[in-house]
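Report on the structure
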Amino acid sequence: MEKVSVVIITYNEEANLPRCLNSLGSFADEILVVDSNSADSTVDIAAQAGGRVILQDFLGYREQKVFAISAARNNLVLSLDADEALSDELRGSITEALRVNRHDGYYCNRRNRFMGEWIRHGGWYPDRKMRLFDRRKYLIGGINPHDSFGPAPGATTGQLSGDLLHYTDEGLHDRLIRLNNHSSVAARSYHELGKRGGLLRIITKPAARFLTKYFLKLGFLDGYRGYLIAKSDAMYVWFREVKLRALRGS
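These notes cover the structure that comes with them. (Residues numbered from 1 in each chain as written. Predicted model: local features only at pLDDT ≥ 70, side-chain atom pairs only at ≥ 80, totals over all residues. Heavy atoms only, no water.)

1. Structural notes on a nonpolar patch on the surface
Worth spelling out the cut-off: Like-charged residues within 9 Å of one another, or nonpolar side chains (Val, Leu, Ile, Met, Phe, Trp, Tyr) within 5 Å, are grouped into patches, provided each residue has over 30% relative accessible area and no salt bridge. The accessible surface values rely on the Shrake-Rupley method and a 1.4 Å probe; as for residues, cover is taken only from the protein chains in view. Put simply, a salt bridge is a Lys or Arg side-chain nitrogen that is within 4 Å of an Asp or Glu carboxyl oxygen. Counting from the N terminus, the helices are DSSP H or I runs at least four residues long and the strands are E runs at least two residues long.
On the surface, a nonpolar cluster with roughly 460 Å² of combined accessible area is contributed by Leu-211, Phe-215, Leu-218, Phe-220 and Leu-221. As for its position among the elements, Phe-220 is in the loop between helix H6 (199-216) and helix H7 (223-248).

Here's what the structure looks like:
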């Protein structure tokens, strides 16, 4: 069976990391945790689970993951966030993929949890992600704080069965704090790319995000939670655009 390194970046993840590690089963030949100097017991939890820990000052979301992937001992990598866990079906599907070694990369569906419920609409499911891949044949995209893995030209990909379980926000308060922080990072990233905030963007982009999430992607079928997700997503875009305009200095 192909050897695989499970790679996780962490910062103060003592509440989430045990669930993530416990979901792995026995297929991993290496568990690598790259930690950004956590102040809690994250490092101890990783070490006690048999993980190899590297302390690395935070480089940026995308950059930290690239660093972690490059530090793995095996070319085949499963990249996870600490607040994610493998479902039983996904773990079995990964084990089979390692056995047959048919593709250079594999996608899976991610199921996101919000306020105690698994969300099924609004763009939150299936939320397709490539997480298992040959690090010699992948590309990383996205704009900080959001990353996305994809295949390099010529690489082959397959689809895994089962869901990657994402325990994203247990409450609205947690979500709003996270979105406020992420919008600051995104605004700086956009600014560095030369994008200029403006009044038209501030007015139109949040409205477009809400309409897309709630109506076009059927967020209303998730009831009250679907509305909160669409509304807070629109707030995130508004935060990002206002902060981007502020960085322009006008």
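From this point, the discussion proceeds with the structure in view.
2. Observations regarding the packing of aromatic side chains
To describe a pair of aromatic rings, one takes the distance between the centres and the angle between the planes. Spelled out, the test is: Working definition: rings of Phe, Tyr and Trp (its six-membered ring) pair if their centres are within 6.5 Å, and the pair is stacked with planes under 30 degrees apart, edge-to-face with planes over 60 apart, and tilted otherwise. Geometrically, a lysine NZ or arginine CZ counts as sitting over a ring once it is within 6 Å of the ring centre and also within 35 degrees of the ring normal.
The final tally for this structure, using the stated rule, is 13 aromatic pairs. Grouping aromatic residues by their ring pairs yields a cluster made of Phe-210, Tyr-214, Phe-215, Phe-220 and Tyr-227. Sitting above the plane of the Tyr-107 ring, Arg-128 keeps its charged end 3.9 Å from the centroid. Positioned over the ring face of Phe-114 is Arg-175, at 6.0 Å from the centre of the ring.

3. Comments concerning helix H4 (residues 88-100)
We count it as follows: A helix is expected to reach a length of 1.5 Å times the quantity of its residues less one. To sort residues, take the accessible area from a 1.4 Å probe on protein chains only and compare it with the maximum for the residue type: under 20% means buried, over 50% means exposed, and anything in between is partly exposed. By definition, the arc is the one covered by directions from the helix axis to the C-beta atoms. Contacts between residues were defined by any pair of non-hydrogen atoms, one from each residue, lying within 4.5 Å.
Helix length check: H4, at 13 residues, gives a terminal C-alpha distance of 19 Å against a target of 18 Å (1.5 Å per residue), a fit within 8%. Here H4 has its buried residues at Leu-90, Ser-93, Ile-94, Ala-97 and Leu-98. Buried positions in H4, seen along its axis, are confined to an arc of 140° and lie on one side of it. Turned more than 90 degrees from where H4 packs its buried face, Asp-88, Glu-89 and Arg-99 sit exposed. On its buried side, H4 packs onto strand E1 (4-10), strand E4 (76-81), strand E5 (84-86), strand E6 (105-114), strand E8 (128-134) and strand E11 (157-169). Looking one or two residues past H4, Asn-101 carries a phi angle of roughly 50°, positive in sign.

4. Here we look at the packing of H6 against H7
Let me state the cut-off plainly: Fitted lines through C-alpha atoms give the axes, limited to the stretch in contact for helices. The angle between two N-to-C directions lies from 0 to 180 degrees. Roughly parallel means an angle under 35 degrees; roughly antiparallel, over 145; roughly perpendicular, 65 to 115; everything else is oblique. Handedness of a crossing follows from how the near helix is turned relative to the far one, being left-handed for an anticlockwise turn of less than a right angle and right-handed for a clockwise one. Classification convention: Asp, Glu, Lys, Arg as charged; Ala, Val, Leu, Ile, Met, Phe, Trp, Tyr, Cys, Pro as nonpolar; all other residues, Gly among them, as polar.
Direction vectors running N to C along H6 and H7 enclose 160°, while the axes themselves pass 8 Å from each other. Put simply, H6 runs roughly antiparallel to H7. The handedness of the crossing between H6 and H7 is right-handed. In terms of residue class, the contact of H6 with H7 is made up of 13 nonpolar, one polar and nine charged.

5. A closer look at the side chain of Asp-127
Condition: Distance and chemistry together define a polar contact, namely a pair of N or O atoms within 3.5 Å, with one atom able to donate a hydrogen and the other to accept it when in protein, and with adjacent residues in sequence counting only for side-chain atoms on both sides.
The topology assignment puts Asp-127 in the loop between strand E7 (117-118) and E8. With a relative accessible area of 17%, Asp-127 lands in the buried category. In this structure the side chain of Asp-127 is engaged in a polar contact, spanning 2.9 Å, whose partner is the side chain of Arg-110.

6. Examining the pattern of salt bridges
Evaluated as defined, the whole model comprises 22 salt bridges. Note that Glu-30 is salt-bridged to Arg-73, the shortest N-O span being 3.9 Å. On the criterion of sequence distance, the pair formed by Glu-30 in strand E2 (residues 30-35) and Arg-73 in the loop between helix H3 (61-71) and E4 is long-range, its members being 43 residues apart. A salt bridge links Lys-129 to Asp-127; the shortest N-O distance between them is 3.5 Å.

Nothing here speaks to function; it is all geometry.
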